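Structural overview
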Number of protein chains: 2
Amino acid sequence: MQELVKVVVDAMGGDNAPQETVKGAVDAVNTRKDIKVILTGRQELVEGELSKYTYPKDRIEVVNTTEVIEMAEPPVNAIRKKKDSSIVVGMNLVKKGEADAFVSAGSTGAVLVGGQVIVGRIKGVERPPLTPLIPTKDGVALLIDCGANVDARPSHLVQFAKMGSIYMENVVGVKNPRVGIVNIGAEEEKGNALVKETFPLLKECKDINFIGSVEARDIPAGVCDVIVCEAFVGNVILKLYEGVGATLISKVKAGMMQNLRSKIGALLVKPALKATLKSFDASQYGGAPLLGLKGLVVKTHGSSKAVEITNSIIQCVQFKQQNINEKIKEHISVKEEIRED
Amino acid sequence: MQELVKVVVDAMGGDNAPQETVKGAVDAVNTRKDIKVILTGRQELVEGELSKYTYPKDRIEVVNTTEVIEMAEPPVNAIRKKKDSSIVVGMNLVKKGEADAFVSAGSTGAVLVGGQVIVGRIKGVERPPLTPLIPTKDGVALLIDCGANVDARPSHLVQFAKMGSIYMENVVGVKNPRVGIVNIGAEEEKGNALVKETFPLLKECKDINFIGSVEARDIPAGVCDVIVCEAFVGNVILKLYEGVGATLISKVKAGMMQNLRSKIGALLVKPALKATLKSFDASQYGGAPLLGLKGLVVKTHGSSKAVEITNSIIQCVQFKQQNINEKIKEHISVKEEIRED
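Residues numbered from 1 in each chain as written. Chains lettered and ligands numbered in written order. Predicted model: local features only at pLDDT ≥ 70, side-chain atom pairs only at ≥ 80, totals over all residues. Heavy atoms only, no water.

So the rule is basically this: UniProt positions are given in the numbering used here, feature names are shortened, and annotations may be inferred rather than shown by experiment.
Going by what an unreviewed UniProt entry lists, chain A is known as Phosphate acyltransferase and is assigned to Fusicatenibacter faecihominis. In its Subcellular location (unreviewed entry) section, the UniProt record describing chain A reads: "Cytoplasm".

What follows is the structure, given as C-alpha cells:
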C-alpha cells in the first residue's frame, strides 16, 4: 500500500474556521486515498463539525488544543507564549516527524515565525521565502518572496531563484522554468542596489534558467515562471494583483448594469465570463508554501473556503512525493561548495 | 488680456512623433486661448505636419533642432552630448525663462536627467519625483515617486508627501488630500527600514493629511489621494496597474467571444463597458510631472497619441496659474527652518 502523506490542518485558523477548515479536510480525504489529516483545534468544536460529514474515520485525527492565536497578535510573542495553540502544536507535529506538512489559514505572521522557530530551516537556507502562485494570462507564475522578512540580501534572492525553480519544475510541472528578477527596466544596469548586486549572481547560476530583468507590466502576460524579488516588493505585487483585479471586475459589472441593453447583454455573457475570470483568481491555486524549511508549511488566504483548504492539502502530497526538500538540500549545498572554492 | 502660458513640446519624442506630438499641440492651442506652444524638432518635418492643420499661427512657434535623443540611449551621456536635441533645447528654453513648461513623450531617463541637470531643482528640494496620476475606483490618485532615482531616504519621502499634497489640492482640486505610505501591513511597526523611519516623520508633518500605511490591495479602491513610496516600488505599482489591467481586459474580451450566446451579449454590453473601462485607463490623465524643479517638466507615455499630448499641455496651464512652484518653495523652506531650530 502507498504510504500516507500526513498533513496537519490548523482547524482554528482563518475567517471561516472551524467550519470551512474541517470541511476542507473532509473533502481532501474523500478525494484522495493517500492523505491523512490531523486537525489541531478545540476538540468539541472540531468534532462537532466532523459529525456533519461521512469520511474514512481512520484518515482524520483530532488533536485537542486549548489556545488560538488571533490575527492581530504580535507573532513572535504569540508563538512563544501560546504553547497549546493550534499553530504551535501543529508545527511541533511536523518538527517531531509525526506529520509531513502543516496548513494554516491563520495569522501570516505567526505561521512565518513558527515555521522558522519551530519547524526550522534546512541547513544552508538563509531565509525561507513565502511563495504564492499568481495567475498569468495562460497559466501561473511563482512569486518569491512575499513574506515578512524585508530588506533581503543578494544571497537570499539567489536561493529564492533556486528553490523557486525546484518548486515550479517538480510541483507545478513547468520544465526548465524561466526565472526573472523584478526590475524597473529591462537593462542589466537598471535597478536599485539590491537588484544590481543580485543580477550578475543569478547570471552565474548554472542550475537555473535565468532570463534577466522582468518589468512589473509583463508579469501578468506570463513572461516568466519564477518571479524573484524581495518581500516588500513581492507583497506589493501580490496585493496589487488582487486590488486591481477586484476594482476592474467591479467596474466591468457596474458597466454592464448601466442600461437595459447592457443588462440583457450581461445575462448572455455572464456564464462565459465567469469561467474566464475564475482562471485569473489567485485563490484557486491553493496556499503559499514557506520554502526551505525542514518540513512543509503552507499558508492559505485568511478568507479561505473549504475548496482552498482542500487544494492546499493536496498540494502537500505532490511536494512530499517529489522530495522537494531533498532537492533543495542538494542545490543549496552545491552553492555552498562553489562558494568555498 | 490674459497672460499666455508658454509650453515647449518635444516634437520628436515618443513612438508617434512628430505626427501625434504636432497634432496634440495644434489641438491644445485650438482648445484654449491662453496657451502658446513652442515645438522643438527638425523644422522641415514639424512644419510639414503643421501644414495639415488650421490654427492661430501666432500661438505655435517652431524651434529647429538637429539632434534626437533615442529611447535606448544612456540618458546622462545623451543630455551631455546632444546639445542640439529637441529635449536639451526645449529644457533650456524653460531654464532661460522663455517658456513655462516642457512636455515630452521621449526617453524617460533623458527627461529625468535633463530636468535635474538643465532646469534644476528648487532650492531645498532634495530629489524631484516623477508623479503620475493613476486611476482608482471613482477618481484618481497621485503616485509619488515613479522616477529613476531609487534607494530613497526618509527625508525624500517626506518632501514627496508635501509636494504631492500641493499638487493634488491645487492642480487636481482634491481638498485636504489624504496621504498614505505604501506598506506591507496597516500597523506602524510593519515595513522595511525606509518605511519604518519615514512613518514617524510623516506623522509629525503639520501641513499634510497623513492617514498612515496603505496596502497595495487598497490603492485601486481609492483609499488615499497621495501615494508615497520610493521609486522602485512606485515603478512596480505603475507598471503592474497597466499589466494586470491589460491582461484582465483581454481575458474579458476572450471570454465574451467564447460562444454564440456570449458574442451576442458582447455586442449589447460593448458601449456601456467601453465607457467604464476608459475611466480606468491611465493614459487619459495627461502626463506625469517631475515635481520640485524650477520650471515644469512633464513626461507623457512613450506611446502617447495627440489627445495625451494635448491633455499634458493643458495640465501645464493649471500648474502655472496655481503657482505650484511658489507653494512648493514655501512648504519646503518651512521644513528647513524647523530643522534649524
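Still to come is the rest of the account.
**Remarks on the packing of helix α4 (residues 86-95) of chain B against helix α5 (residues 108-119) of chain B**
All names here are of chain B. Selection criterion: In this analysis, axes come from line fits to C-alpha atoms, helices being fitted only over the stretch in contact, and the angle between any two N-to-C directions falls in the range 0 to 180 degrees. Strands here mean DSSP runs of E at least two residues long; helices mean DSSP runs of H or I at least four residues long; both are numbered from the N terminus. Here a crossing is called left-handed whenever its near helix is offset anticlockwise from the far helix by less than a right angle, and right-handed whenever the offset is clockwise. Only heavy atoms enter the contact rule, under which two residues are in contact if any of them lie within 4.5 Å.
Between α4 and α5, the least distance of the axes is 10 Å, while the angle of their chain directions is 35°. When you trace α4 past α5, the crossing you get is right-handed. Along the contact surface, α4 presents Ile87, Val88, Met91, Asn92, Val94 and Lys95, while α5 presents Ala110, Val111, Gly114, Gly115, Ile118 and Val119.

**A short note on the domain arrangement of chain A**
Residues and elements named next belong to chain A. Put simply, the rule reads: For the domains described, the bounds stem from an automatic or database domain assignment. Defined in terms of a 1.4 Å probe, buried area is the accessible area two parts forfeit on being brought together, summed over both. Salt bridge, as used here, is a side-chain nitrogen of Lys or Arg placed within 4 Å of a carboxyl oxygen of Asp or Glu. Between N or O atoms, a polar contact is any pair within 3.5 Å; within protein, one atom must be a potential hydrogen donor and the other a potential acceptor, and residues adjacent in sequence are included only when both atoms are from side chains. Classification used: nonpolar for Ala, Val, Leu, Ile, Met, Phe, Trp, Tyr, Cys and Pro, charged for Asp, Glu, Lys and Arg, polar for all others including Gly.
Under the domain assignment, chain A is made up of domain 1 (1-125 + 292-341) and domain 2 (132-283). The centre of domain 1, based on its C-alpha atoms, is set 25 Å off from the matching centre of domain 2. Counting residues at the interface gives 19 residues for domain 1, matched by 15 residues for domain 2. Summing both partners gives a buried area of about 1,500 Å² for domain 1 against domain 2, and 62% of it is carried by carbon and sulfur. Taken together, the connections running from domain 1 to domain 2 amount to 0 salt bridges. Between domain 1 and domain 2 we count 5 residue pairs in polar contact (both at pLDDT 80 or more) in total. Looking at the side of domain 1 that touches domain 2, the elements with two or more residues in it are α5 (108-119), α10 (306-321) and α11 (324-340). Broken down by class, the residue content of the side of domain 1 that touches domain 2 amounts to 6 nonpolar, 8 polar and 5 charged.

**Let's talk about the environment of Asp100(A)**
Residues and elements named next belong to chain A. Going by this rule: Think of it in three bands: residues with accessible area under 20% of the maximum for their type are buried, residues over 50% are exposed, and the middle band is partly exposed, with areas taken using a 1.4 Å probe on protein chains only.
The topology assignment puts Asp100 in the loop between α4 (86-95) and β4 (101-104). Overall, the relative accessible area of 22% leaves Asp100 in the partly exposed class. Sequence separation between Asp100 and Lys239 is 139 residues, and the spatial gap between their C-alpha atoms is 29 Å. Leaving out residues up to four positions away in the same chain, Asp100 has contacts with Leu4, Val5, Lys6, Val94, Gly295, Leu296 and Lys320.

**Some thoughts on the sheet that holds strand β3 (residues 60-64) of chain B**
Residues and elements named next belong to chain B. So the rule is basically this: A pair of strands is considered paired only if DSSP assigns at least 2 bridges between the two.
Sheet architecture is open: 6 strands sit in the order β3-β2-β1-β4-β11-β10, paired in mixed fashion. Both outer strands of the open sheet, β3 and β10 (288-289), are each paired with one neighbouring strand and no more. Sheet topology note: the strand β1 (residues 5-10)/strand β4 (residues 101-104) ladder contains 3 bridges and is parallel. Bridged to Val8 within β4 is Phe102. Along the sheet, α4 contacts β1, β2 (35-41), β3, β4 and β11 (296-299); its crossing angle with β4, the most-contacted strand, is approximately 160°. Here helix α10 (residues 306-321) sits on the sheet and contacts β1, β2, β4, β10 and β11; the angle it forms with β1, its principal contact strand, is near 145°.

**Digging into the nonpolar core**
This is how it is decided: Here, nonpolar core means buried Ala, Val, Leu, Ile, Met, Phe, Trp, Tyr and Cys residues that are tied together by side-chain atoms lying within 4.5 Å of each other.
Core analysis: the largest hydrophobic core is formed by 174 residues, its most contacted members being Leu39(A) and Leu39(B). Of all hydrophobic cores here, the second largest spans 25 residues; its members include Val8(B), Ala99(B), Ile118(B) and Ala288(B).

**Here we look at the sheet that holds strand β7 (residues 178-183) of chain A**
Neighbouring strands of a sheet are bound in pairs by backbone hydrogen bonds; such pairs are parallel or else antiparallel. Residue and element names in this part refer to chain A. The strand order across the open sheet formed by 5 strands is β5-β6-β9-β7-β8, and the pairing between neighbours is mixed. The sheet terminates laterally at β5 (133-135) and β8 (209-215), the two strands that pair on one side only. Between one strand axis and the next, the sheet turns by 35° as a mean value, whatever way the strands run. With 3 bridges joining them, strand β6 (residues 140-144) and strand β9 (residues 226-228) adopt parallel strand pairing.

**Brief notes about unusual backbone geometry**
Along the chain, Ala17(A) connects to Pro18(A) via a cis peptide bond; the corresponding omega equals 0°. Looking at the secondary structure, you find Pro18(A) in the loop between β1 (5-10) and α1 (19-31). One non-glycine residue with positive phi stands out, namely Asp151(B), at about 55°. Residue position: Asp151(B) is located in the loop between β6 (140-144) and α6 (154-172). Among the residues examined, Asp151(B) registers a relative accessible area of 42% and is labelled partly exposed. Here Asn323(B), not a glycine, exhibits a phi torsion of approximately 50°, which is positive. Counting through the fold element by element, Asn323(B) comes out in the loop between α10 and α11 (324-340).

**Thoughts on helix α7 (residues 193-204) of chain A**
What counts, and what does not: The arc under discussion is defined with respect to the helix axis, by the directions toward the C-beta atoms.
All buried positions along α7(A) are accounted for by Leu194(A), Val195(A), Thr198(A), Phe199(A) and Leu202(A). Axial view of α7(A): buried residues confined to an arc of 130°, hence all on one face. With respect to the buried face of α7(A), the exposed residues turned more than 90 degrees away are Lys203(A) and Glu204(A). As for α7(A), its buried residues are in contact with α6 (154-172), β7 and β8 of chain A together with α8 (231-256) of chain B.

**Notes on the interface of chain A and chain B**
Taken residue by residue, the interface counts 54 residues in chain A and 53 residues in chain B. A combined buried area of about 4,900 Å² lies between chain A and chain B, and 74% of that area is made up of carbon and sulfur atoms. The tally of links from chain A across to chain B stands at 4 salt bridges. Here Glu242(B) and Arg217(A) are joined by a salt bridge, their closest N and O atoms 3.0 Å apart. Listing elements by their share of the side of chain A that touches chain B, those giving two or more residues are β7, α7, α8 (231-256) and α9 (260-278) of chain A. Broken down by class, the residue content of the side of chain A that touches chain B amounts to 30 nonpolar, 16 polar and 8 charged.

**Quick look at the packing of aromatic side chains**
Where we set the bar: Each pair of aromatic rings taken from Phe, Tyr and Trp, with Trp reduced to its six-membered ring, is defined by centres within 6.5 Å and is described as stacked if the planes are under 30 degrees apart, edge-to-face if over 60, and tilted in the remaining cases. As a reminder, the over-ring test applies to NZ of lysine and CZ of arginine, requiring each to be within 6 Å of the ring centre and within 35 degrees of the ring normal.
In this structure the tally under the stated criterion is 4 aromatic pairs over all chains. With a centroid separation of 6.1 Å and 50° between ring planes, the pair formed by Tyr167(A) and Phe319(A) is classed as tilted. Within this pair, whereas Tyr167(A) is found in helix α6, its partner Phe319(A) is found in helix α10, the two being separated by 152 residues in sequence. An identical accessibility class is assigned to Tyr167(A) and Phe319(A); each is buried. Between Phe199(B) and Phe210(B), the ring centres sit 5.2 Å apart and the planes meet at 75°, which makes this aromatic pair edge-to-face. Linking Phe199(B) in helix α7 (residues 193-204) with Phe210(B) in strand β8 (residues 209-215), this pair joins segments that are 11 residues apart in sequence. Like Phe210(B), Phe199(B) is buried. In this structure, Lys57(B) is placed above the aromatic ring of Tyr55(B), and the distance from its NZ or CZ to the ring centre is 4.2 Å.

**Describing the relation of the copies chain A and chain B**
Between the two copies of the chain lies a rotation about an axis combined with a shift along it. Note the cut-off: All copies are superposed by least squares; the fitting set is the C-alpha atoms of residues with a pLDDT of at least 70 in both.
Turning chain A through 180° and shifting it by 0.0 Å along the axis lays it on chain B, with an RMSD of 0.0 Å. A rotation of that kind, with that shift, is consistent with a two-fold axis. Of every C-alpha in chain A, the one belonging to Gly265(A) sits nearest the axis of rotation, 1.9 Å from it. A shared interface surface links the copies, since 98% of the contact residues of chain A are contact residues in chain B too.

**Remarks on the pattern of salt bridges**
Residue and element names in this part refer to chain B. In this structure the tally under the stated criterion is 26 salt bridges over all chains. The residue Glu73 makes a salt bridge to Lys82 at a minimum N-O spacing of 2.7 Å. Measuring nitrogen to oxygen at the nearest pair gives 3.8 Å for the salt bridge that ties Arg153 to Glu126. In this pair, Arg153 is assigned in the loop between β6 and α6 and Glu126 in the loop between α5 and β5 (133-135), connecting sequence segments 27 residues apart.

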